[in-house]
Amino acid sequence: MRALAGAAAAAGVFLAAGCSSGDSGPGEAAGGVGVVEKGKLTTCTHLPYPPFQFEQNGKVVGFDVALVDLVAKKLAVEQKILDTPFENFKTGAFLNSGQCDLAAAGMTITDERKKNVDFSVPYFDATQALLATKKSGITSLADLKAKGKKLGAQAETTGESYAKAQGFNPVAFESSDAVLNGLRTGQVDAVVIDYPVVQGWLKDPANASEFVPGQNIETGEQYGFSVKKGNTALLAAIDKAITDAKADGTYKKIYEQWIGPLPQATS
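If you're wondering where the values come from, they're calculated on a predicted model, not measured in any experiment.

Asker: Help me out: how do you make sense of the nonpolar core in this one?
Answerer: Where a protein is soluble and globular, its nonpolar side chains tend to be buried together. Among the nonpolar cores identified, the biggest contains 50 residues, and Leu41, Phe63, Leu75, Phe124 and Phe225 are the most heavily contacted of them. Counting residues per element, this core draws most heavily on helix H10 (residues 232–248), at 7 residues. Among residues more than four places away in sequence, those in contact with Phe225 are Asp64, Leu67, Val68, Leu102, Ala103, Ala104, Asp118, Phe119, Ser120, Tyr123, Ile238 and Ile242. One finds Cys44, Phe94, Val117 and Phe119 within the second-largest nonpolar core, a separate group that totals 12 residues.

Asker: Whenever I open this one, the state of the cysteines confuses me. Can you help?
Answerer: Two cysteines whose sulfur atoms are joined by a covalent bond form what is called a disulfide. Applying the stated criterion across every chain, the model contains 1 disulfide. With its sulfur 1.9 Å from that of its partner, Cys44 forms a disulfide with Cys100. Torsion about the S-S bond of the Cys44 and Cys100 cystine: about 60°, corresponding to right-handed handedness. In this pair, Cys44 sits in strand E4 (residues 40–45) while Cys100 sits in the loop between helix H3 (93–96) and strand E8 (102–103), placing the two residues 56 residues apart along the sequence. Its relative accessible area of 1% is what places Cys44 among the buried residues.

Asker: Help me out: how do you make sense of helix H6 (residues 158–165) in this one?
Answerer: It helps to recall that an α-helix has 3.6 residues per turn; residues three or four apart then point in one direction. Listed as buried for H6 are Thr158, Gly159, Glu160 and Ala163. As for H6, its buried residues are in contact with helix H4 (111–114), strand E10 (124–133), strand E11 (151–154), strand E12 (171–173), strand E13 (190–194) and strand E14 (211–223). Of the residues flanking the end of H6, it is Gly167, one or two places downstream, whose phi is positive at about 95°.

Asker: Mind showing me how you'd approach the sheet that holds E14 here?
Answerer: Pairing between the strands of a sheet comes from backbone hydrogen bonds, and it takes one of two forms, parallel or antiparallel. Spatially, 5 strands are ordered E12-E11-E13-E10-E14 in an open sheet, and the strand pairing comes out mixed. Because the sheet does not close on itself, it has two edges, and the strands there are E12 and E14. Within this sheet the neighbouring strands show an average axis-to-axis angle of 25°, counted without direction. As judged from the 3 bridges shared by E11 and E13, these two strands associate in the parallel manner. Looking at E13, one finds that Ala153 is bridged to Val192.

About the criteria used
Residues numbered from 1 in each chain as written. Predicted model: local features only at pLDDT ≥ 70, side-chain atom pairs only at ≥ 80, totals over all residues. Heavy atoms only, no water. Core = buried A, V, L, I, M, F, W, Y, C linked by side-chain atoms within 4.5 Å. Buried < 20%, exposed > 50% of the residue type's maximum accessible area, 1.4 Å probe, protein only. Helix = DSSP H or I, 4+ residues; strand = E, 2+ residues; numbered from the N terminus. Contact = heavy atoms within 4.5 Å. Disulfide = S-S within 2.5 Å. Pairing = 2+ DSSP bridges. Axes fitted to C-alpha atoms, helices over the stretch in contact; angles between N-to-C directions.

Okay, structure coming up:
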């Protein structure tokens, strides 16, 4: 998120491309929690997805990163981040292959995904939002349909699924950056994507001058971190970190740092 530049990355978080080196092999964290690499809590994500995870000054930072750092601290290890394709999160492929301990990618908890992975307690209440070019005059999906304009969304996301359920055939983009570029270059006239992402984009004056937010779409989505099915020890550690952070005010501070004012319902 361009508007949030200057926030420091947590100590120990770094990015490894594609896969873990595995030099030190599997290990055990505090409390007997097994990890795929000794001394590390390896997180699979898909970059960039501001404000949840993105690169800043050579480090990976964001809302999800800060929360997983809390888990790593409780386990007395450091977080290590792997950039991986988003579609693999639906199947749990990187968890099952032992490349990652958990997945954190602004991922909505769904019944379909629960078939393949186990989810933590929800850590974020999400809504979708419409963002359109100013020249399109679009403020709603109804406008889009009436004017026969093109809609875009990130591939394999609930935003794409929602658009399809509403009768659209959205242009699918690989990443959130590609979604924004598609809007900027006229490949599409509007996009459906997570509300915090839209708000992050609009903090950039260049984007604010060119695009306008439309309707918010309440879908009842909640984000969760995922682990390999049956990894109850790690799941319990993640749940405790989230629950403790909400109770002691740490969650509120992290939320306000990366996203903005914390809605009352989330407190």
